[in-house]
Every structure is written in C-alpha cells, then in structure tokens.
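The lines below spell out each chain.
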Amino acid sequence: MKKFICLLSLIVLTNGVLSSCSSDDNSKPAVDETIPETTIVSSKGTYLGTETNQGKFSILLKSNDTDFQLNFISDAIADKDLLDATLKGTKYTVGSTAALYSIQADSYLKKADTQLKIVSGDVEVSKNADTYTIKGLLIDEQNTSHQINYVGLIDIEPIYEIEYEIQNGWYWGDDQYDYPNIGEYMTFFTQGQANKYGELEGDGYHISLSFFDVMAPRQWEGIKIPNKTFKASSKNELGTFHVGTKEEIDNGNPGYTFAKFLHNDSSKGIAKESFILDGTIKTMDNAKGQEIRFNIELQDGSRHIGKYTGKVKQGDEYTISTLKSDKTVGNLDQGFLEYKGKSPVQGKENNRWELYLLNENLTTYPEYYWATEGSGEYLRVALYTAVGATADIPVGVYPIGEEKAGNASTGGGTEVGLDFGTWYYEMKNDDYINSAPTRTGTVTVAKEGNNYTIKVVAVDDRDNTITANYTGALTFVNNENRPATKTKVAKATKKDYGKGKIYNGAKNFKNKK
C-alpha cells in the first residue's frame, strides 16, 4: 500500500510541474480551437514613420466581412530603406503604451457599420522570403474573440510626399560603343502645371532621369520600363538610373541623362532645382499600367519620396527601319566596289570596303560621296578584310557583326544622311521613302572571271528579313586617301523628340552642282 501511495504522489507532482511549465510558456499566442478562425484574404501596409527610434506600422488585414486595422510598434526603418520596409517577425501584444513589439490601443476592427476597439490579445508575425504569416487571438471591446490567420504578401509603402500624375518618355536603346546591349529608358514624371510634353512649367514637382536595363524586345510594338529595383549609378549599367558624380556636376559637365528634381511653389517662394545623387526606384505592374516608386537623395542631403501610377509612355526612338514587313529587293543591275583603306579605329587591324548595288533606274555619284537620285532600290554593304587585301575582296561568307576581318558591318547611325555600315534604301523621284539598317545576317561573295555573285540575307532592327542578289561586274573605286565625311551621330535634345526629317542626299548633291 505504501508503494502505491508513493507512486500516486509522484504522478500528481509530475503533472503539477508539467502544468506549471505549460502555463509559464508565453512564447506563442494561445490558440482556442473553439473560436472560429477568421481567414484573412488581403492586406495593405503603410510605414507611418519613426518616433523615439521606433517604427510605426499600419497593417490592414481584410477578411470577407471584417477589416482589422492593426497599428504595430516595431523596429525603425532607415530613410534610405523606406521602399523596402518590413515588419519584424516576433510576437506582438496589444497594450496601452507604445512599447516595442506591441499593437497600439488605437487598433480596431470594422464589420459593416460597426467599429470596435481591440483591447487585448496578441499575434505572432513571421516572414519567409516575401511571405508573411500573422496568426493570433484578438479581443474587441465587446469581449468577443477573433482568431485571425493570414499567410501572404504585405506590401508596406511609405507615406509619399507627392503622387505624380503625368509621365512621358522615350526609349533610345543601346550605344554600341559606350553601353552595348543595354537599353536606355529616358523618362520624366510631373505633378502640377505642365506643357504639352509633360514638362513642369509653373508650380509643382518634376523628376527627369534615364533608366538603363535590358533591351526592350520588339520595341516598336510597345515599351514599358522593366519591372525591378533600380539603383543610382554614375555608369550606364543594368538595373541603374544615371546620376552625375559630384565632380561631374561641380565641373559643369553636360549630362542630359543626369537625374534631376524640380519643386516650384510660387506662394511659398520655392524654386528648387537639384541633381539627384543617390537613391532607389522600384517599378512594378499595376492595374492602371505601371507603378513607379521613388526614394531619392538630393544635393542638399534631403530625400524625396514619391510615386507614379498609370500608363507609362516610352516612345520608340531606337527602331530606325521604316519597313513593316520582309523585303525581297528587286533586280540589282549595277554594282560598285569602293576601297576605303585601313580602319581608322585604334586597335583595329583590318581594311574597309563598301559595295553599292543599285536598280537600273538609280544614278549614283561616287565623286560626291555616293549621292544618289532617281527611283528604285539599292544596298550599301560594308565589308571588313585583312589589311593585305587592297585590290579586291576575298570570296566567302561575311557574317554581319562587329568590325573585324571577315565580317560585314551592321547598319549604324540614326537615319539617311547620318548612317554608315550595311543599309537598304528605297527612293522615289529622288526622295528616300524607305530605309533599314541591318543588325544580323550574312553577305556571301563569289566570283567567276570578272563577274561577282553577291547574296545578302539580313535582318533589320524591326526583325524584317531583307534578301537581295546581284550578279555582274563591280566598278572599282579607290577612295583610300579621300577624307571621310564628318557625320556625327547625336541624340535629339529634350526639346526635339522626333527623329528629324530624312536627309535627301540627291537634293543636297544637286545643290552642290
């Protein structure tokens, strides 16, 4: 009997200890399975700011019939990180004081027209990658308990100084020398009095800058700014927006791509113009088009937090070809072979050549830098050979690409008259009506006796395939020592958004005669 009593006492004591340990474990909110769980279906977050080194978060959790407005006190967010605000994963308890990791007493729930204060309870917040889990028990002022459970994203936005309503922009593509295969998305945002281009003219706010990122695919069909987080950089690199360095700005270096900020308010005597030196810009899809969020640092050390939501315009200034479909060039009846001498580019060990292949109804004038008149089609094909080839071009297949011996040149420049490399042209009554630079493809050269067979299969910058064939003699023109024309390619200024009128070589030639 004594052994039985001792065993019974030990069991009672052990249960008491376990019960005590269980009651002392407050690491997670209690879950009462008798209370129906409220499933949260959506969320919205706002970072309200920092007070006494603590961060204030407003988190709205919505179920099918009830909204829970929870105001958290958590870790503060640094100013530079306001576009990436996150609520720390930990336990939060409803309290009357603004203690760290608490839910403030001004939190409430709203169901239909009834709004009730949340007076007690706690929730556990955790975060895995971009997904939050918020789970716990909340009690309202009518002593009704609410078991909440949410798993999903919470987009926590800062309070914006201004929300922009006007946007305009132009896609310039890459620069084959300075930033090849990196596209420039020049754009600006305005809120206030604007001109027809959307530039600020009067009171309001304005941001102008250029994003640099991957090239836009099929840009002629529509362009948007890539969705990502862009960082400030003085170099034109992927995932950046271009800012000037302090040295460049102080020296007055011209930089149309330097990011700028304007704020005018005539009633307060504000006329602020500042370069942007640093910051973060986030772009994302939105039901209205795209959403652009700004956290930018200005020259005076201040920050501007803004947002644009709406359709994003990016005019295509990169596509040059006027062709709308594939092109098979008609009969080419006359041909010229021009020797231009060794490449003037430092480090390039190759000679340069150009072929001119024309319809019979066109007349070209080699002595006037190949000015052409009439009606018809023609191609200029630029080839690169070894430096030993000075009297003729070797037979073979020339891939269209970079400048090196054995290649054909891509079509460079912006329009007729500001062009070089391999191009297709169509003229009518001395005027250019179509033109296309080549981007890829091949040029095949064969020769039998004095007759050449030349086949061009090229793709332009609108993905049109251009096919041309020529068979016959080539008139040799030696222009090794002729000075090159100076046709500097320049982008339009911000006041000139078109590509300009097509240069009329024939009319220019006639004026010279």
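All of these numbers come straight from a predicted model, not from anything done at the bench.

Along the chain, the regular secondary structure elements total 3 helices and 37 strands. Residue burial in the chain is summarised as follows: out of 513 residues, 45% are buried. Sequence-distant contacts, at least 24 apart, represent 57% of the contacts inside the chain between residues at least 6 apart. Accessible surface computed for the chain: about 26,400 Å², of which carbon and sulfur atoms make up 50%.

What follows covers unusual backbone geometry. Residues apart from glycine generally show negative phi values, whereas peptide bonds are mostly found in trans. Of note in this structure, tyrosine 101 is not a glycine but carries a positive phi near 60°. The residue tyrosine 101 is located in the loop between strand 5 (91–94) and strand 6 (102–103) in this model. You can call tyrosine 101 partly exposed: its relative accessible area is 23%. Unusually for a residue other than glycine, asparagine 181 sits at a positive phi of about 65°. Position of asparagine 181 among the secondary structure elements: in strand 14 (residues 179–194). By relative accessible area, asparagine 181 is classed as exposed at 59%.

Scanning the model with the defined rule gives 24 salt bridges in all. Note that lysine 111 is salt-bridged to aspartate 65, the shortest N-O span being 3.6 Å. Of the two residues, lysine 111 sits in strand 7 (residues 108–111) while aspartate 65 sits in the loop between strand 3 (54–62) and strand 4 (67–75), which places them 46 residues apart along the sequence. A salt bridge links lysine 327 to glutamate 377; its shortest N-O distance comes to 3.8 Å. With a gap of 50 residues between them, lysine 327 in strand 23 (residues 327–328) and glutamate 377 in strand 28 (residues 376–385) connect regions that are remote in the sequence. The exposure class of glutamate 377 is buried, given its relative accessible area of 10%. One salt-bridge network, in which partners are shared between bridges, spans Asp155, Glu157, Glu291, Arg293 and Lys307.

For the rest of this paragraph, the subject is the environment of asparagine 359. Mapped onto the elements, asparagine 359 comes out in the loop between strand 25 (351–358) and strand 26 (362–365). When residues no more than four places from it in sequence are discounted, the contact partners of asparagine 359 are Gly330, Asn331, Leu332, Asp333, Gln334, Gly376 and Glu377. For asparagine 359, the side chain forms a polar contact with the main-chain nitrogen of glutamate 377, separated by 2.5 Å.

Let us look at the packing of aromatic side chains. Applying the stated criterion across every chain yields a total of 20 aromatic pairs. With a centroid separation of 6.2 Å and 75° between ring planes, the pair formed by phenylalanine 258 and phenylalanine 275 is classed as edge-to-face. One end of the pair, phenylalanine 258, is in the loop between helix 2 (246–250) and strand 18 (260–265); the other, phenylalanine 275, is in strand 19 (residues 270–286), with 17 residues separating them in the sequence. Residue class for phenylalanine 258 comes out buried when judged on its relative accessible area of 6%. The lysine or arginine in question, lysine 127, covers the ring of tyrosine 132, its NZ or CZ lying 5.5 Å from the ring centre.

To continue, consider the pairing of strand 35 (residues 451–460). Side-chain positions along a regular strand alternate between the two faces of the sheet. Because side chains alternate across strand 35, one face comprises the buried residues Tyr452, Ile454, Val456, Ala458 and Asp460, and the other comprises Asn451, Thr453, Lys455, Val457 and Val459, none of which is buried. Note that strand 34 (residues 431–448) and strand 35 share 10 bridges and pair antiparallel. Residue pairing across strands places lysine 447 opposite tyrosine 452, the latter belonging to strand 35. What sits between strand 34 and strand 35 in their antiparallel hairpin is a turn of 2 residues, with glycine 449 showing a positive phi close to 65°. Where strand 35 lies against strand 36 (residues 465–472), 8 bridges are found, and the strand directions are antiparallel. Its bridge partner being in strand 36, threonine 453 is matched across the sheet by threonine 471. Linking strand 35 back to strand 36 in an antiparallel pair, the connection comprises 4 residues, with aspartate 463 at a positive phi of about 65°.

Calculation rules
Residues numbered from 1 in each chain as written. Predicted model: local features only at pLDDT ≥ 70, side-chain atom pairs only at ≥ 80, totals over all residues. Heavy atoms only, no water. Helix = DSSP H or I, 4+ residues; strand = E, 2+ residues; numbered from the N terminus. Buried < 20%, exposed > 50% of the residue type's maximum accessible area, 1.4 Å probe, protein only. Contact = heavy atoms within 4.5 Å. Areas by Shrake-Rupley, 256 points an atom, 1.4 Å probe, with all protein chains shown as cover. Salt bridge = Lys/Arg side-chain N within 4 Å of Asp/Glu carboxyl O. Polar contact = N/O pair within 3.5 Å; in protein donor to acceptor, adjacent residues only side chain to side chain. Phe/Tyr/Trp six-rings, centres within 6.5 Å; stacked < 30°, edge-to-face > 60°. Lys NZ or Arg CZ within 6 Å of the ring centre and 35° of its normal. Pairing = 2+ DSSP bridges.

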